[in-house]
Amino acid sequence: DSGVTQTPKHLITATGQRVTLRCSPRSGDLSVYWYQQSLDQGLQFLIQYYNGEERAKGNILERFSAQQFPDLHSELNLSSLELGDSALYFCASSTRTSPDTQYFGPGTRLTVL
Amino acid sequence: AQSVTQLGSHVSVSEGALVLLRCNYSSSVPPYLFWYVQYPNQGLQLLLKYTTGATLVKGINGFEAEFKKSETSFHLTKPSAHMSDAAEYFCAVSSIGNQFYFGTGTSLTVIP
């Protein structure tokens, strides 16, 4: 158990809908990262937040957005969902003293029908 | 720019045999290198990492990796494969403050 929690574990929805994925980092970790893992794209970095502020952006679509709240949990919002958005979405966190190491949550499996 | 290439998307070894999973990286700055393992329906678990210092890094479950700058490689090895090692393995590169770049993964099958 990495200490990173993600909810829900599974999510099934329809095209055009909007969903919110939630992540709680390990206690004390200020950084949160979001990744998308799909069969055709592999593991892709989406976005990073550090202590509430956006720190880095990767291959995140404009239909996707994220935020990190004062209690350090983070949410990834996916809107106007398409079939191709079906994937595993992982959250990871890292500490201020060891920012080089990321600890991953169990992931949320999103299925868009 | 940074990137990772994992040679061999599927590797099969016999139980008790040497495990060798290959990873080559590209980085314009001194890299931080990682190996993660992913078991079915689970998240990624850190196996080992290289940041600075000793180039031979030991990780969990008997795995180790050697950073070879001249070869831009960070291959993962284990002397004797166990059935429980069957999983997906990912190599990743980053540098301090930067995002991670993951390889496409290597699926390890252990044959009894």
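Above this text sits the structure in question.
What counts and what doesn't
- Residues numbered from 1 in each chain as written.
- Chains lettered and ligands numbered in written order.
- Predicted model: local features only at pLDDT ≥ 70, side-chain atom pairs only at ≥ 80, totals over all residues.
- Heavy atoms only, no water.
- Phe/Tyr/Trp six-rings, centres within 6.5 Å; stacked < 30°, edge-to-face > 60°.
- Helix = DSSP H or I, 4+ residues; strand = E, 2+ residues; numbered from the N terminus.
- Buried < 20%, exposed > 50% of the residue type's maximum accessible area, 1.4 Å probe, protein only.
- Contact = heavy atoms within 4.5 Å.
- Buried area = accessible area lost by both parts, 1.4 Å probe.
- Polar contact = N/O pair within 3.5 Å; in protein donor to acceptor, adjacent residues only side chain to side chain.
- Nonpolar A, V, L, I, M, F, W, Y, C, P; charged D, E, K, R; others polar.
- Pairing = 2+ DSSP bridges.
- 1 Å grid on protein atoms, 1.4 Å probe; cavity = no way out; pocket = protein on both sides within 12 Å on 5 of 7 lines; lining within 4 Å.
- Points joined across faces, edges and corners; volume = space filled by probe spheres on them.

Turning our eyes to something else, we now look at the packing of aromatic side chains. Scanning the model with the defined rule gives 15 aromatic pairs over all chains in all. When the ring of A:Y35 is compared with that of B:F102, the centres are 5.5 Å apart and the planes differ by 90°; the resulting orientation is edge-to-face. Pair noted here: A:Y35 is in strand β4 (residues 31-38) and B:F102 is in strand β10 (residues 101-102), and the two residues belong to different chains. Among the residues examined, A:Y35 registers a relative accessible area of 0% and is labelled buried. Since its relative accessible area comes to 11%, B:F102 is described here as buried. Taking 5.9 Å as the distance between ring centres and 80° as the angle between the ring planes, the aromatic pair formed by A:F104 and B:F102 counts as edge-to-face. Of this pair, A:F104 sits in strand β10 (residues 103-104) while B:F102 sits in strand β10, on two different chains.

Below, the discussion takes up the interface of chain B and chain A. How big an interface is tends to be expressed through the accessible area that disappears when the partners come together. Taken residue by residue, the interface counts 15 residues in chain B and 16 residues in chain A. Taken over both partners, the interface formed by chain B and chain A buries close to 1,400 Å², and the fraction arising from carbon and sulfur atoms is 57%. Broken down residue by residue, the surface that chain B buries against chain A is led by B:L44, B:Q99 and B:F100, which jointly contribute 34%. At the junction of chain B with chain A, the criterion picks out three residue pairs in polar contact (both at pLDDT 80 or more). Breaking the side of chain B that touches chain A down by element, the ones donating at least two residues are β4 (32-38) and β5 (44-50) of chain B. It is β4(B) that provides the largest number of residues to the side of chain B that touches chain A, a total of four residues. The residue inventory of the side of chain B that touches chain A, partitioned by class, reads eight nonpolar, six polar and one charged.

Now for the pairing of β4(A). Residue and element names in this part refer to chain A. Counting buried residues in β4 gives eight out of eight residues, a clear majority hidden from the surface. Taking every second residue as pointing to the same face, both faces of β4 are buried, with S31, Y33, Y35 and Q37 on one and V32, W34, Q36 and S38 on the other. Between β4 and strand β5 (residues 42-50), which pair antiparallel one after the other, the connecting turn spans three residues. Pairing of β4 with strand β9 (residues 87-94) involves seven bridges; the strand directions are antiparallel.

Left-over empty space is what a probe sized like a water molecule reveals as it rolls over the atoms. In this model, the largest pocket occupies a volume close to 700 Å³. For the largest pocket, the lining is made up of 32 residues, of which A:Q37, A:S38, A:L39, A:G42 and B:F90 are closest to its centre. Residue assignment for the lining of the largest pocket shows that the elements contributing at least two residues are β4, β5, β9 and β11 (108-112) of chain A together with β9 (87-94) and β10 of chain B. By residue number, the principal contributor to the lining of the largest pocket is β5(A), which donates four residues.

Such coordinate-based values are descriptive only and should not be taken to indicate function.
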